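# Commentary on secondary and tertiary structure
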There are 2 protein chains.
Amino acid sequence: MRIGDLAEKSGLSTDTLRYYEKIGLMPRPLRDGGGRRVYDAAILRWIDFLDRLKSTGMGIKDRLHYADLRTKGAASLTERRELLEQHRQKVAGDIVRLTEMLDVLDDKIDLYRRMEAGETVDPTFESCARTEHAAPPSKKVPKDEHRPGTRPRADAET
Amino acid sequence: MRIGDLAEKSGLSTDTLRYYEKIGLMPRPLRDGGGRRVYDAAILRWIDFLDRLKSTGMGIKDRLHYADLRTKGAASLTERRELLEQHRQKVAGDIVRLTEMLDVLDDKIDLYRRMEAGETVDPTFESCARTEHAAPPSKKVPKDEHRPGTRPRADAET
DNA sequence: GCTTGACCTGGAGTGCACTCCAACTGGTAG
DNA sequence: CTACCAGTTGGAGTGCACTCCAGGTCAAGC
C-alpha cells in the first residue's frame, strides 16, 4: 500500500501522514525501489487508535510519548497503561462536563423558545443590550445568591 | 470592579480579558477617570457561559458569532437558539464518542494489565517492535475480519 | 520516447487562542 | 516628593497541528 491509498483508507491527507512520520507519531515505513513509502495494512489500526486519542482530547505531546513507548515494546507496558489510565480519567471528567453542559443548553434553549413565544420571563432581568452607554439599571432584584450546589438557572443575559 | 479583580474572579488573565474585548467576545466596559476599565459583576455570568462554550468545544468563531448576536438583543433570539441547538447536537455526539472511547480504553488497560501479569494474550500477534528492518511476519492468523457492528478488541500492537 | 500522475524533500505559511513585552500613565502610601 | 503598583496601548511572539508549495524523481501507459 502506498501513501495515497493509506490516505484514502485512513481519512488523513498524504501531507498529514508524512507529518506524523516526521514528528515520530508513525513508524518509518519501508520504501520501494523508487523510494516511495510502502505501508502494511496493520498501520491502519494504529492510525485509528491515534485518531481516537486525538479526538478525545489527547494532545500531540502525549500521543508522541505513547508512540515512543510503543516502539520500546513489552518493557513499556506499565508506563503505557499508566498513560492510558490518566487519559481515561480525563475522558471520564470530560463526559461529566459535557453532560452538565447539555443540561445548561437545554435550559437555555427552552428559555429562548419561551421568550420567542412572547412569554414573560422572570425574575431574571432582560438585558441583552450592551451596558456601555446605558445608565446602570437600578436592580430591583436583590442579586441572586444561589445556594451552593444549585446550578444557576438559564438567564436571558447570555 | 477593575480588570485585576475580574481576572481573579473569572480565572482568566488580564491579558486574556483585554484580548476577549479586542476581538469582540466581551462588551467594552465603562472607564473610570484614569481610563481604567470598570466592570459590572454581571459580566461574570457571561464569562462563565463563554468558558463553558469553549470548554465544550465551541471555537472562537462561533463564540464570536454568538457574542455578536447577544449585542443585537431580542431580535436575535431565534438565531441564538439555533446556534445553541447546533452546539447541543455537537455536545451530544461528543458524549457518545467519549463514552465509546472509555470502553476502548478500559479494554486496553485491562489487556495491558493481563500482559503485565505475564498472561499469554492472543490471538493478536504481539508486534510492538518497529517493522522497519524486520522481515514481514508470516501471519498465521487469517486476518480478523470482524462482523459489522462489532467493536474490534483491544490489541497489543498499539 | 514522452507525457502523466503519484510520489519525494525541505521549508514556508496558516489559523487558533492566547501570552508576553516595552513604554507609558494615574492613583495612593509613606 | 517619590516610589510603587495596577493599569493602559500596540504589537510581537508562542505552541499546536497541520497545510501548502516549489522543484524534483520515478514508473507506467500510449
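Our structure's up above, just so we're on the same page.
Residues numbered from 1 in each chain as written. Chains lettered and ligands numbered in written order. Predicted model: local features only at pLDDT ≥ 70, side-chain atom pairs only at ≥ 80, totals over all residues. Heavy atoms only, no water.

Of the two same-sequence chains, chain A is brought onto chain B (RMSD 0.0 Å, axial shift 0.0 Å) by a rotation of 180°. On the angle and the small slide along the axis, the relation comes out as a two-fold axis. Of the C-alpha atoms belonging to chain A, the one lying closest to the rotation axis is found on isoleucine 95 of chain A, 2.9 Å away. Counting the interface residues of chain A, we find that 100% of their copies in chain B are interface residues as well, pointing to one common contact surface. (Least-squares fit on C-alpha atoms with pLDDT ≥ 70 in both. Contact = heavy atoms within 4.5 Å.)

Right, let's talk about the pattern of salt bridges for a bit. Going through the model one piece at a time under the given rule, you end up with 26 salt bridges over all chains. For the salt bridge of aspartate 68 of chain A with lysine 72 of chain A, the shortest nitrogen-to-oxygen distance reads 2.9 Å. In this structure aspartate 68 of chain A comes out as partly exposed when scored by relative accessible area, which is 37%. Shared partners join several salt bridges into a network, and the residues in it are Arg81 and Glu85 of chain A together with Arg113 and Glu116 of chain B. (Salt bridge = Lys/Arg side-chain N within 4 Å of Asp/Glu carboxyl O. Buried < 20%, exposed > 50% of the residue type's maximum accessible area, 1.4 Å probe, protein only.)

In the vicinity of DNA strand C there are 19 residues, among which Arg18 and Arg37 of chain A together with Tyr20, Lys54 and Ile60 of chain B approach most closely. Near-protein atoms of DNA strand C (within 4 Å) split between backbone and bases, with sugar and phosphate holding 79%. Taking arginine 31 of chain A, its side chain carries an N or O atom lying 3.2 Å from a phosphate oxygen of DNA strand C. Here a phosphate oxygen of DNA strand C and a side-chain polar atom of tyrosine 20 of chain B are 2.7 Å apart. Those elements that place two or more of their residues in the surface near DNA strand C are α1 (3-10) of chain A together with α2 (14-23) and α4 (60-71) of chain B. (Near = heavy atom within 4 Å. Polar contact = N/O pair within 3.5 Å; in protein donor to acceptor, adjacent residues only side chain to side chain. Helix = DSSP H or I, 4+ residues; strand = E, 2+ residues; numbered from the N terminus.)

Further remarks concern the packing of aromatic side chains. Inspection of every chain in the model, using the stated rule, returns six aromatic pairs over all chains. Ring centres of phenylalanine 49 of chain A and tyrosine 66 of chain A lie 5.9 Å apart, and the angle between their planes is 55°; on these two criteria the pair is classed as tilted. Taken together, the residues phenylalanine 49 of chain A in helix α3 (residues 43-55) and tyrosine 66 of chain A in helix α4 (residues 60-71) connect sequence positions 17 residues apart. Considering the side-chain rings of tryptophan 46 of chain B and tyrosine 66 of chain B, the 6.0 Å spacing of their centres and the 20° angle between planes classify their relative orientation as stacked. One end of the pair, tryptophan 46 of chain B, is in helix α3 (residues 43-55); the other, tyrosine 66 of chain B, is in helix α4, and 20 residues separate them in sequence. Accessibility expressed as a relative area gives 1% for tryptophan 46 of chain B, which makes it buried. The class of tyrosine 66 of chain B is buried, set by a relative accessible area of 0%. For arginine 70 of chain A, the ring lying beneath its charged end belongs to tryptophan 46 of chain A, and the centroid distance is 4.1 Å. Across from the ring centre of phenylalanine 49 of chain A, 4.5 Å away, lies the NZ or CZ of lysine 108 of chain B, which sits over that ring. (Phe/Tyr/Trp six-rings, centres within 6.5 Å; stacked < 30°, edge-to-face > 60°. Lys NZ or Arg CZ within 6 Å of the ring centre and 35° of its normal.)

What is shown is where atoms sit, not what they do.
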